[in-house]
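Analysis of the macromolecular model
Listed below are the residues making up each chain.
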Amino acid sequence: MSTKTLFIGLDGCTYTVLNEMTRDLPGEGVTMPYLASLMAKGSRTKLRSTPNPLTPPAWTSIMTGKGPGEHGVFDFIRAEDRGGDVFWTLYDSRDVDAEMIWSIASRAGKKITALNFPLTAPPPKETNGSIVPGFIPAKHLRRNSHPSGLFERIKQAIPTFDPKELAWDFDKEKQAMESLSDADMENWVRYHLPREEQWFAIAEYILENDKPDLMAVMFDGTDKIQHQAWQFLDPNLVPAERSELYNRVRGVCREYFGNVDRYIKRLVELAGPDAQVFFASDHGFTATVEVLRINSYLEDLGYLKWAESDGSEQAVRREASDFANLDWSKTIAYCRTPSSNGIYIRVAEKEGDPGIPKKDYNRVRDKLIEDLKKLRNEDGEPVIVDVLKREDWFPGAHMKDACDLTLVLRDNGFVSIRNVKPAVVKRPNPIGTHHPDGIFMAVGKGIKSTGMVARRKIVDVAPTLLYSLGLPTPSDFEGKVAEPFFEESWLEQHPVKVGEPTQRGGERQKSEEMDDQEKKQIIEQLQMLGYME
């Protein structure tokens, strides 16, 4: 058996940086020569992310071929509004109400491997192959790796294997952030390099020994480094005179991308000459230059009221938390989390409940949209360039769980939910944030060498990977095979087919949950990456 399809995910990867790393730059040379050679032989496109280009909904769309309205994941955190209060917990695979390609391929008799993808814990029991999930604490890796015994097998086979390094070491990262200064920036970026090496070692071992039909691994250091060090990577932010600090930090960033180039070369060689190789990111990256304190603005407009502190320990904790601390009896519209970039409108279920009457929903929402678009920064520029209604952008079985309104900011930044004035303020320096256009690239047997083709949607990745495996596109997929990637002769010999619909997911069966400390550590990680405050 040989590997038919190799899929390498690069979290947050953008052509803005990738094009720089794959060309000959004065004084630097080519940082990623192997990837440059692949790009010259294959096809690529910009990949439009989910309406809010965020890791959980976007990677879930890549894995399911469906949008958030169908798969049901919109954020890192799911919340339940119970009128008098709002309760939250972290999303996991049991919240994904759509079948992932790992299960689809397994049912078709294909052997798969999926490494470091978010929302793959707990893994589907029917998986034919290996899953080691991402975005969970180290103590849960053994229990959530599939099949049983895989964790011990990896540990015995790879002498350098360290689960604490493989997962995020929250305590180390928190400590690093507390002491971070300009002088520490190089060490901060360098700290993340060994973790990527761990995921590569696992991928190399499984690909070499198990030879799955579909080999998929996701490297997320691209996103983490760009969040922290975007000013050292964006060609539009190069200073007139490069300081010693700039050169050092850019140097370690280039070391990271050089490492990834080495990983790619080894994995492609192991997959063999007949494999089709695909690369995709969940979103791109850009610079954000200002902060929108959206709940502060909503307060100015009279849509919400902050909770008054009674000085109790609970009140102090709520004020220090990363979720809107509001007087729910007097709030009709608010933003729950910075990462959501969305506004929820509270509708009363019955007379006397908090929120607006159902009959007033459209009127209130239209007025709110009008108010949001009026907001200007100190230069007179509109801060919110678009406001997306959920029925237009999140159609499907889970539309009701989406934000009523999703905000698109002029610089693609994430909002703030803090009770701070003024509502809009310039950042001291540009920082990295998500851009809706990521990458999607292909190379290998049957792939055209035509370079850039027309932009595709993020839901097109899953059907394209299944097609590469020789499988039909499920009839309920929202995405389509990226046919422009493939040679006409290949398409004639391997016609695109539509198959049976997928099975539903979202089975929230009873199992061990993260404890409060582990949840707190996850939130701290999101803070460091700019998703939370």
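Residues numbered from 1 in each chain as written. Predicted model: local features only at pLDDT ≥ 70, side-chain atom pairs only at ≥ 80, totals over all residues. Heavy atoms only, no water.

1. Considering the overall build of the protein chain
Rules: Numbered from the N terminus, helices here are DSSP runs of H or I no shorter than four residues, and strands are runs of E no shorter than two. The rule is simple: take the accessible area with a 1.4 Å probe, protein chains only, and divide by the maximum for that residue type; under 20% is buried, over 50% is exposed, in between is partly exposed. Contacts between residues were defined by any pair of non-hydrogen atoms, one from each residue, lying within 4.5 Å.
Helices and strands together make up the secondary structure of the protein chain, namely 20 helices and 19 strands. By the burial criterion, 58% of the 533 residues in the protein chain qualify as buried. Across the protein chain, every contact between residues at least 6 apart in sequence was considered, and the portion connecting residues at least 24 apart equals 73%.

2. Some remarks on the sheet that holds strand β10 (residues 333-334)
The pairing of strands in a sheet comes from backbone hydrogen bonds and takes either a parallel or an antiparallel form. Stated precisely, the cut-off is as follows: If DSSP finds at least two bridges between two strands, the strands pair. Note on definitions: angles span 0 to 180 degrees between N-to-C directions of axes, and those axes are lines fitted to C-alpha atoms, for helices only across the stretch in contact.
Reading across the sheet, the 4 strands line up as β10-β11-β13-β12 and stay open at both edges, with antiparallel pairing between neighbours. For this open sheet the edge positions go to β10 and β12 (384-389), each flanked by a neighbour on one side alone. In the sheet, strand β11 (residues 342-345) pairs with strand β13 (residues 405-409) via 2 bridges, with the strands oriented antiparallel. Within the sheet, the bridge partner assigned to isoleucine 343 lies in β13 and is leucine 405. Against the sheet, helix α16 (residues 361-374) engages β10, β11, β12 and β13, with an angle of about 165° to β12.

3. Points about the pattern of salt bridges
Where we set the bar: Salt bridges are defined by distance alone: a side-chain nitrogen of Lys or Arg within 4 Å of a carboxyl oxygen of Asp or Glu.
Applying the stated criterion to the full structure yields 38 salt bridges. Linking arginine 248 and glutamate 244 is a salt bridge whose minimum nitrogen-to-oxygen distance equals 3.5 Å. Within this pair, arginine 248 and its partner glutamate 244 are both found in helix α13 (residues 244-271), separated by 4 residues, close to a single helical turn. On the basis of relative accessibility, which here comes to 30%, the residue arginine 248 falls in the partly exposed class. A relative accessible area of 60% means that glutamate 244 is categorised as exposed. Salt-bridge contacts for aspartate 437 lead to arginine 455; the nearest nitrogen and oxygen are separated by 3.1 Å. Of the two residues, aspartate 437 is situated in strand β15 (residues 437-444) and arginine 455 in the loop between β16 (451-452) and β17 (456-457); the sequence distance between them amounts to 18 residues. You can call aspartate 437 buried: its relative accessible area is 11%. In this structure arginine 455 comes out as partly exposed when scored by relative accessible area, which is 48%. Each member of the salt-bridge network shares a partner with another, and the members are Glu186, Arg190, Glu244, Arg248 and Glu255.

4. Examining the side chain of threonine 3
Where we set the bar: Two N or O atoms form a polar contact when they lie within 3.5 Å of each other; inside protein one atom must be a possible hydrogen donor and the other a possible acceptor, and for residues adjacent in sequence the pair counts only when both atoms belong to side chains.
Secondary-structure assignment places threonine 3 in the segment before β1 (5-10). Polar side-chain contacts of threonine 3 include one of 2.7 Å to the backbone oxygen of proline 212. Excluding anything up to four places from it in sequence, threonine 3 contacts Leu207, Lys211, Pro212, Asp213, Met215, Ala271 and Ala275.

5. A short note on the pairing of strand β8 (residues 276-280)
Counting buried residues along β8, 5 of its 5 residues qualify, which places the element largely inside the surrounding structure. Where burial is concerned, the two faces of β8 agree: the one with Gln276, Phe278 and Ala280 and the one with Val277 and Phe279 are both buried. With 5 bridges joining them, β8 and β15 adopt antiparallel strand pairing. Opposite valine 277, over in β15, you have valine 443 as the bridge partner.

6. Comments concerning the packing of helix α12 (residues 221-229) against α13
When two helices pack together, their arrangement is given by the angle between their axes and by how far apart the axes lie. Stated formally: The cut-offs work like this: below 35 degrees is roughly parallel, past 145 is roughly antiparallel, 65 to 115 is roughly perpendicular, and the gaps in between are oblique. Residues are grouped as follows: nonpolar covers Ala, Val, Leu, Ile, Met, Phe, Trp, Tyr, Cys and Pro; charged covers Asp, Glu, Lys and Arg; every other residue, Gly included, is treated as polar.
Orientation of α12 relative to α13, taken along the N-to-C sense of each, is 170°, at an axis distance of 11 Å. By the angle between their directions, the pair α12 and α13 is classed as roughly antiparallel. Packed against α12, whose contacting residues are Gly221, Thr222, Ile225, Gln226 and Ala229, the element α13 presents Val249, Cys253, Tyr256 and Phe257 at the interface. Residues that form the contact of α12 with α13 fall into these classes: 6 nonpolar, 3 polar and no charged.

7. Some words on the packing of helix α2 (residues 33-41) against α13
Relative orientation of the contacting elements α2 and α13 amounts to 55°, with a least axis distance of 7 Å. Considering the angle they form, α2 stands oblique to α13. Seen from α2, the contacting residues are Pro33, Tyr34, Leu35 and Leu38; seen from α13, they are Asp261, Ile264, Lys265 and Val268. Along the lines of polarity and charge, the residues of the contact of α2 with α13 split into 6 nonpolar, no polar and 2 charged.

8. Examining α12
The buried fraction of α12 is high, at 9 of 9 residues. Regarding α12, the residues found buried are Gly221, Thr222, Asp223, Lys224, Ile225, Gln226, His227, Gln228 and Ala229.

9. Focus: the side chain of asparagine 377
Position of asparagine 377 among the secondary structure elements: in the loop between α16 and β12. Assessed through its relative accessible area of 10%, asparagine 377 is described here as buried. Among the polar contacts listed, one links the side chain of asparagine 377 to the side chain of glutamate 290, at a separation of 3.2 Å. Separated by 2.9 Å, the side chain of asparagine 377 and the backbone nitrogen of glutamate 381 make a polar contact.

10. Remarks on the nonpolar core
Our working rule: By nonpolar core we mean a set of buried residues, namely Ala, Val, Leu, Ile, Met, Phe, Trp, Tyr and Cys, connected to one another through side-chain atoms within 4.5 Å.
Phe219, Ile264 and Phe279 are the most contacted members of the largest nonpolar core, which totals 66 residues. Counting residues per element, this core draws most heavily on α13, which supplies 13 residues. If you look at the next biggest cluster of nonpolar residues, it comprises 46 residues, including Phe7, Met218, Val461 and Phe485.

11. Regarding unusual backbone geometry
Put simply, alanine 121 and proline 122 share a cis peptide bond, and its omega is -5°. The residue proline 122 is located in the loop between β5 (112-115) and β6 (129-132) in this model. In this model, histidine 146 is joined to proline 147 through a cis peptide bond whose omega is 0°. Inspection of the secondary structure assignment puts proline 147 in the loop between α6 (141-144) and α7 (150-157). Residue leucine 119 is not a glycine yet carries a positive backbone phi of 60°. Within the fold, leucine 119 resides in the loop between β5 and β6. Leucine 119 gets classed as buried once you look at its relative accessible area, which sits at 9%.

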